[in-house]
Amino acid sequence: MNLYELFFKPYETYTNFQIFLEATAAIFGLLSVYFSIKKNIWVYPTGIISTALYVYILFNFGLLGDAMINVYYTIMSIYGWILWSASSEDNIHVEVSWANFKQWIFATVLFVFSLGLVTVIYYYKPAIDNHFSTENVNLGLYHLDWANWLDVFTTSIFLVGMWFMAKRKIENWIFWMIGDFICIPMMLYKGLGITSVQYLVFTAMAYLGYLEWKKSIKKM
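Keep in mind that what you see is a predicted model, and the values were worked out from it rather than measured.

Participant: Can you explain the overall build of the chain? Please cite residues and give values.
Facilitator: Along the backbone of the chain there are 9 helices and 0 strands. The order of helices and strands in the chain, counted from the N terminus, is α-α-α-α-α-α-α-α-α. For the chain, whose C-alpha radius of gyration is 18 Å, the value lies close to the compact-globule estimate of 17 Å for 220 residues. With the C-alpha coordinates aligned to their principal axes, the bounding extent of the chain is approximately 60 × 35 × 25 Å. Within the span of the chain, comprising 220 residues, buried residues form 50% of the whole. Considering only contacts within the chain whose residues lie at least 6 apart along the sequence, 74% involve residues at least 24 apart. In the structure as shown, the chain presents an accessible area of about 11400 Å², 70% of it carried by carbon and sulfur atoms.

Written as structure tokens, this is what we have:
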């Protein structure tokens, strides 16, 4: 399979509107990560636009876990916006810190809970695809391919990363790096080439964000 078949060919079947939506969501996603690196509260309004668009896009491509996580992102972005606003002296920038043991315990519970929840949702996916009806439908996980299982895993990773970010914890970047890197082949496999490139850039930006936030701690 050459680069054209891998990256460009899927877009031959997409409408201009679908391509526009994905490109717009990717651009606002990149802006959101940039503002996050700068500890700038604009991470949230730009992020809300991106995640809201991706809910629609990912659901239509059968990535229920990632669609769900983007619903969660949207909700957590509002929550994070409120927290960051309350913790910012200039209403723009915030101070960051490392997570404590109690927060790591909560993050672990969150991760395990997410794994179970998304797996259950995939179990009922045949009924969801059948307009939420179980008539003449076989429930189970038989329909999952490797990309779907990765989706379950990355959904849990991103769930924890978003929570750490709302709490202004440096560890959030570690979760973003791992999840973003895994999503590169997954999105390419699903025919979302623009999004796969976005996740490649996200991986690099997450590493820069980790270094930037870590550096800011040393200056305190």
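Participant: Outline the packing of aromatic side chains, supporting the account with residue identities and numerical values.
Facilitator: Evaluated as defined, the whole model comprises 18 aromatic pairs. On the numbers, 6.4 Å between centres and 45° between planes, the contact of Trp84 with Trp213 is tilted. Separated by 129 residues along the polypeptide, Trp84 in helix H4 (residues 64–86) and Trp213 in helix H9 (residues 193–219) bring together distant segments of the chain. Relative to Phe153, the ring of Phe111 has its centre 6.0 Å away and its plane inclined at 90°; by these criteria the two rings are edge-to-face. Here Phe153 lies in helix H7 (residues 146–166) and Phe111 lies in helix H5 (residues 101–123), a separation of 42 residues in the sequence. Using a relative accessible area of 34% as the deciding quantity, one classes Phe153 as partly exposed. Of the aromatic side chains, those joined through ring pairs into one cluster are Tyr73, Phe158, Trp176, Tyr199 and Phe202.

Participant: How would you summarise the side chain of Asn172 if you had to cite specific residues and measurements?
Facilitator: As for its placement among the helices and strands, Asn172 is situated in helix H8 (residues 172–189). Side-chain polar atoms of Asn172 contact the side chain of Trp176, separated by 2.8 Å. Other than its neighbours up to four places away in sequence, Asn172 contacts Gly161, Phe164, Met165 and Trp213.

Participant: So, the environment of Thr119: which residues are in play, and what are the values?
Facilitator: As for its position among the elements, Thr119 is in helix H5. Take Thr119: its relative accessible area is 22%, and that puts it in the partly exposed class. For the pair Thr119 and Asp151, spaced 32 residues apart in sequence, the C-alpha separation works out to 9.8 Å.

Participant: Help me get a handle on H8, residues and values and all.
Facilitator: End to end, H8 covers 26 Å across 18 residues, agreeing with the expected 26 Å (1.5 Å per residue, within 8%). When the local axis directions of H8 are compared, the greatest deviation, roughly 30°, occurs at Cys183, which is followed within four positions by the proline Pro185. For H8, every residue scored as buried is listed here: Asn172, Trp173, Phe175, Trp176, Met177, Gly179, Asp180, Ile182, Cys183, Ile184, Met186 and Met187. Of the residues flanking the end of H8, it is Gly191, one or two places downstream, whose phi is positive at about 85°.

Participant: With reference to specific residues and values, describe the pattern of salt bridges.
Facilitator: On inspection of all chains with the given rule, the structure shows 1 salt bridge. Here Asp145 makes a salt bridge to Lys190, at a shortest N to O gap of 3.8 Å. Taken as a pair, Asp145 in the loop between helix H6 (125–129) and H7 and Lys190 in the loop between H8 and H9 lie far apart in primary sequence, 45 residues in all. Since its relative accessible area comes to 21%, Asp145 is described here as partly exposed.

Cut-offs applied
- Residues numbered from 1 in each chain as written.
- Predicted model: local features only at pLDDT ≥ 70, side-chain atom pairs only at ≥ 80, totals over all residues.
- Heavy atoms only, no water.
- Helix = DSSP H or I, 4+ residues; strand = E, 2+ residues; numbered from the N terminus.
- Rg over C-alpha atoms; globule rule 2.2 N^0.38 Å.
- Buried < 20%, exposed > 50% of the residue type's maximum accessible area, 1.4 Å probe, protein only.
- Contact = heavy atoms within 4.5 Å.
- Areas by Shrake-Rupley, 256 points an atom, 1.4 Å probe, with all protein chains shown as cover.
- Phe/Tyr/Trp six-rings, centres within 6.5 Å; stacked < 30°, edge-to-face > 60°.
- Polar contact = N/O pair within 3.5 Å; in protein donor to acceptor, adjacent residues only side chain to side chain.
- Expected span 1.5 Å × (residues − 1).
- Bend = angle between axes of the 7 residues up to and from the residue.
- Salt bridge = Lys/Arg side-chain N within 4 Å of Asp/Glu carboxyl O.

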